[in-house]
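Commentary on secondary and tertiary structure
One-letter residues, chain by chain:
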Amino acid sequence: MSRQAPIGHRIRGRRKDIGLTQNALAKAAGISPSYLNLIEHNRRAIGGGLLLRLASALEIQPHALSGSEESRLLADLGEAATDPVFRETPLIPREFPAMIAAAPGMISAFLSLYRAYRNGLEEIDNLSERLSHDPFLAEASHSILTRITSIRTVAEIFDDYDDLPAEQRARFNATLVRESQRLAESATEIFSFLERGDAGRPAASPAEEVDDLLYDNANYFPTLEDRADEMRAVIDPAGGLFLTDLIKHLERRHQIRVDRLPPEDLPASGFDWNRADSHLRFSRAMPITSTRFHAARIICRLEGEDTVNDILDRANLGTDAARQRAGEALISYFAAALLFPYDSFRAEAQILRHDIELLQQRFAASWEQVCHRLTTLRRPGAEGIPFHFMRTDIAGNISKRFSASGLQLPRYSGACPRWVVHEAYLTPERVIPQFVRLPDESEYLFIARAVRTGAGGYRVPQSVYSVMIGCDTAFARDIIYADGLPLDTPQAAVPVGIGCRQCPREECMQRAYAVADTGHEIHTTPK
Amino acid sequence: MTERPKVLIAEDEETIVESLSFLMEKEGYDVSVATDGQMAIAMIVRDLPDMVLLDVMMPGCDGFDVVRAVRENPQTRPVPIMMLTAKTREVDRRKGLELGVDDFVTKPFSTRDVVSRVKAMLAGDRN
C-alpha cells in the first residue's frame, strides 16, 4: 500500500454522502475526531483494522479505501510529468497528492489525454517508418513513375511527329493504352494502401485496455472462480485434474480427439486446435505443465465462454483487438482458476511460505503460472499476500504486468535496470531474491527467475523470459526467500527507482536516461 | 562520309526503350539496346558508343555499378553517360556525379528534354 495515496477526500466525501458527522464516524471507528480530521486531510495514512472499521462504518468495500486507484494516478502522473512536452509548463510533483485529492476525475481525464497523445506519436512514427521503408510503396512508386514516363514519351512523340508510318503509330497507340491501364492499377493499389492507415485510431492501445481491465477488477474475477469450481467438480471430483483427466474430459464430454505428435508436425506454438474438426494436437516435446494449461484453456473456452463474455461486455473495451486480447487474458485466468483452486492454493502458499518451486510441484505448474496465480488471490476477506507481477523479455520489453503490492510498474518506459528481473538472465533458471528501496523509502522484496520456453530440439529457437514477483517487506515473514536477507538494515537495500526517466537518483551508475528536467523532488513519507 | 553517332540505351523497360530508340533514330543516331547492367558494360567495351543513356534500376548490377566499371576501364573512361533515374534523392545525384556521370534526367522525363541534351552533349564532344 503506498504511503501517500490521498484517500482522505474519499472518506470525507462518503461520510458526507451518508450524512455522518465527523464525531459519529470517529466514534464508530474507535478514534478521536481530531485524528479523523487529520486522516480526511491526508495527513495520516490508514491501514489494517482502522481501514476495515472505517470502511464498515461508511458502508463501503475496504478495497475502495486502499488507495490503489489514487496510487495509480499518482504514479502515472509522475511518469507523464517527465515527458519533454511539458518542458515549458512543468508539473510539480509535490502538488500531485493535493491535485488528486481535489479532482481525481480531472486527473484521470488528463491521463487519458496524455495516453492518447503518446499513442498518436507512436502511430506517427510507425507511419513515417512505413512510408520511408515500405518495400511495397517503393515498388509501387517506381511502377507509377515508369508508366507515366512511357505515356508521356509516347504523347510527345505523337505531338512532334505527324508522319508516323501506320504500323508504328498503331504500336505506339497500343503502348499508350496498355501503360495507361497499368498506371490506373498501380495508382489504385497505392491509394488503397495509404487509405488503410485512416481507419479510426483507438485512444488506448489494446495492451493498455487489458491492463486497465485487470486493475479495475483488482485481478480477481469471482464469476470465473465460481464457474471454475463448478467445472472442476465435473471433470475430476478428486480435484487433481491430471492431464489424463483433462484429456479424458475433452474426449468424452466434447468428442474431441487428442493426439500427441512429434514437434516437427506442429506449428511453433507446439499445439494446434482445429475446432471445426474437433481435433486437438499437442507436441510430445511440450512440457507437461504447458500441455495441461493449454488443455484447461480449451475446456474453459468450450464451457465458460458465456462467463468470459459477460465480463468483456461489462468492460467496455474500445476495439476488437482489445476485446480479443482481454479474452485471451481472461481465459488464462480461468484456466489457472480451474487447475489451481483458490482456497487450496492460498492455503498451500501460506504453509509452504511461498516457496514457488514447491508450489510448482504441488500443483504441477510452471514458474510463471504459480507467480501469476499468486497475484490473483485477491478475494475480499480471503486475500493472499498482495504481490506485483512482471514479465519481460531479454530486451527488457514488458509483456505482462499487474501490481497489487503498492509498487507501480512502468507503463511507458522500460523498468529500472537495477531490478533483479534483468539480472536474473545472468543465472538462468535460478531463483534470485532482492531487497530494494524506492525513492519514496518504501521497501520491497523482489523474486525473479529467468526461464526458457519452447522445446523442439537443437534447431528450434527458444524464447527466454524473466518473471518477477514481489511484495512489500511488511510481508517478508511469510516468504521463504526473505530468510537471511538483512531486511532490518535499510542500507542493505538496493536503491532502485521505477524507471530512469522519472527517477531522482542522480548518482546512480546504472542510469540509462538523464533525469527529466522538471525540478523533480524525492518523495518523502508524510510525517 | 561522317559516321552516325552511336547511342547505347541501357534500360529494361520496353516501352521506354521503344520511345527513346524511335527518337534517337529520328535524330540520325545509330541505336543499340542493352537490357541489363552486364550487357551494358560488355556493349560499351565492344562498341565504344558516343553516348550512353543509362537507367539506374536495372536487373543484375545497377546503373551505378555500370558507371564505376566504365570509368575504371581506361579504354571506356571518356564515354559520355547520361543517367535516367526515378530517384530524385539528392544522395543519388551526388553519388552519380562523384562516380563520373555527365548528366542526369529524372523520370518522368520529357523526351524533348532528353533529345536536346543528348544533341548538346554530342555537339560539345565533337568540338
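Parameters at a glance
- Residues numbered from 1 in each chain as written.
- Chains lettered and ligands numbered in written order.
- Predicted model: local features only at pLDDT ≥ 70, side-chain atom pairs only at ≥ 80, totals over all residues.
- Helix = DSSP H or I, 4+ residues; strand = E, 2+ residues; numbered from the N terminus.
- Buried ≥ 20, exposed ≤ 12 C-beta atoms within 10 Å, placed from the backbone.
- Contact = placed C-beta atoms within 7 Å.
- Nonpolar A, V, L, I, M, F, W, Y, C, P; charged D, E, K, R; others polar.
- UniProt positions renumbered as here; feature names shortened; annotations may be inferred.
- Pairing = 2+ DSSP bridges.
- Axes fitted to C-alpha atoms, helices over the stretch in contact; angles between N-to-C directions.
- Parallel < 35°, antiparallel > 145°, perpendicular 65-115°, else oblique.
- Left-handed = near helix turned anticlockwise from the far one by under 90°.
- Core = buried A, V, L, I, M, F, W, Y, C linked by C-beta atoms within 7 Å.

A count of helical and extended segments in chain B gives five helices and five strands. Each helix and strand of chain B, ordered N terminal to C terminal, gives the series β-α-β-α-β-α-β-α-β-α. A burial count over chain B gives 39% of its 127 residues as buried. For chain B, restricting intrachain contacts to residue pairs at least 6 apart in sequence, the fraction spanning at least 24 positions comes to 62%.

Moving on: the overall build of chain A. Within chain A, the secondary structure is distributed over 18 helices and 11 strands. The burial tally for chain A puts 36% of its 527 residues in the buried class. Within chain A, contacts between residues at least 6 apart in sequence are counted, and of these 65% link residues at least 24 apart.

Here we come to the interface of chain A and chain B. Tallying the contact residues gives 13 residues for chain A and 15 residues for chain B. When contributions to the side of chain A that touches chain B are tallied by element, the ones reaching two or more residues are helix H8 (135-160) and helix H9 (166-195) of chain A. Looking at which element gives the most residues to the side of chain A that touches chain B, the answer is H8(A), with 11 residues. Classifying every residue of the side of chain A that touches chain B gives four nonpolar, six polar and three charged.

The subject of this paragraph is unusual backbone geometry. That bond from Lys107(B) to Pro108(B) is cis: its omega, -5 degrees, falls within 30 degrees of zero. Inspection of the secondary structure assignment puts Pro108(B) in the loop between strand E5 (103-106) and helix H5 (111-126). Positive phi values are uncommon outside glycine, yet Asn219(A) reaches one of about 55 degrees. If you trace the backbone, Asn219(A) turns up in the loop between helix H10 (206-216) and helix H11 (222-235).

Okay, the environment of Ser110(B) next. With respect to the element layout, Ser110(B) can be found in the loop between E5 and H5. Assessed through the 14 C-beta atoms surrounding it within 10 Å, Ser110(B) is described here as partly exposed. In contact with Ser110(B), other than residues within four places in its own chain, are Arg152(A) and Glu156(A).

The next thing to look at is the UniProt feature "modified residue: 4-aspartylphosphate" (unreviewed entry) in chain B. Residue and element names in this part refer to chain B. When the UniProt feature table is mapped to this numbering, "modified residue: 4-aspartylphosphate" (unreviewed entry) covers Asp 55. If you trace the backbone, Asp 55 turns up in strand E3 (residues 51-55). Judged by C-beta crowding, with 26 C-beta atoms within 10 Å, Asp 55 ranks as buried. Leave out the neighbours within four places in its chain, and Asp 55 touches Ala 10, Glu 11, Asp 12, Gly 63 and Leu 84.

It is worth spelling out the sheet that holds E3(B) at this point. Adjacent strands of a sheet pair through backbone hydrogen bonds, lying either parallel or antiparallel. Residues and elements named next belong to chain B. Here five strands make up an open sheet; going across it, the order is E2-E1-E3-E4-E5 and the pairing parallel. Of all the strands in the sheet, the pair left with one neighbour each is strand E2 (30-34) and E5. Between one strand axis and the next, the sheet turns through 20 degrees on average, direction left out of account. Relative to E3, strand E1 (residues 6-10) runs parallel, the two sharing four bridges.

Residues and elements named next belong to chain A. Packing of helix H16 (residues 356-363) against helix H17 (residues 367-375) leaves a shortest axis separation of 9 Å and a crossing angle of 100 degrees. Between H16 and H17, the angle is such that the two are roughly perpendicular. Counted together, Ile 356, Leu 359 and Gln 360 of H16 and Trp 367, Val 370 and Cys 371 of H17 form the full contact between these two elements. Of the residues contributing to the contact of H16 with H17, the split by class is five nonpolar, one polar and no charged.

Turning next to the packing of helix H2 (residues 37-47) of chain B against helix H3 (residues 63-72) of chain B. Residues and elements named next belong to chain B. Direction vectors running N to C along H2 and H3 enclose 25 degrees, while the axes themselves pass 9 Å from each other. One element, H2, and the other, H3, form an angle in the roughly parallel class. The two elements H2 and H3 cross, and the hand of that crossing is right-handed. Contacts from Gly 37, Ala 40, Ile 41 and Ile 44 in H2 reach Asp 65, Val 66, Ala 69 and Val 70 in H3. A per-class count over the contact of H2 with H3 returns six nonpolar, one polar and one charged.

Okay, the nonpolar core next. In this structure, Ala296(A), Phe334(A), Leu338(A), Leu339(A), Leu445(A), Phe446(A) and Met468(A) are the most contacted members of the largest nonpolar core, which totals 81 residues. Per-element accounting of this core gives the leading share, 10 residues, to helix H14 (residues 320-339) of chain A. Every residue in contact with Met468(A), bar those within four places of it in the chain, is listed here: Met390(A), Trp419(A), Val420(A), Val421(A), Phe446(A), Ile447(A) and Ala448(A). Formed by 37 residues, the second largest nonpolar core is a distinct cluster that contains Val154(A), Phe172(A), Ile9(B) and Phe22(B).

Before going further, it helps to spend a moment on the sheet that holds strand E7 (residues 398-403) of chain A. All names here are of chain A. Taken in spatial order, the six strands line up as E7-E6-E10-E9-E8-E11 in an open sheet, and their pairing is mixed. Only two strands of the sheet have a single neighbouring strand rather than two, namely E7 and strand E11 (494-495). Together, strand E6 (388-393), E7, strand E9 (443-453) and strand E10 (463-472) form the strand contacts of H17, whose direction differs from that of E10 by roughly 30 degrees.

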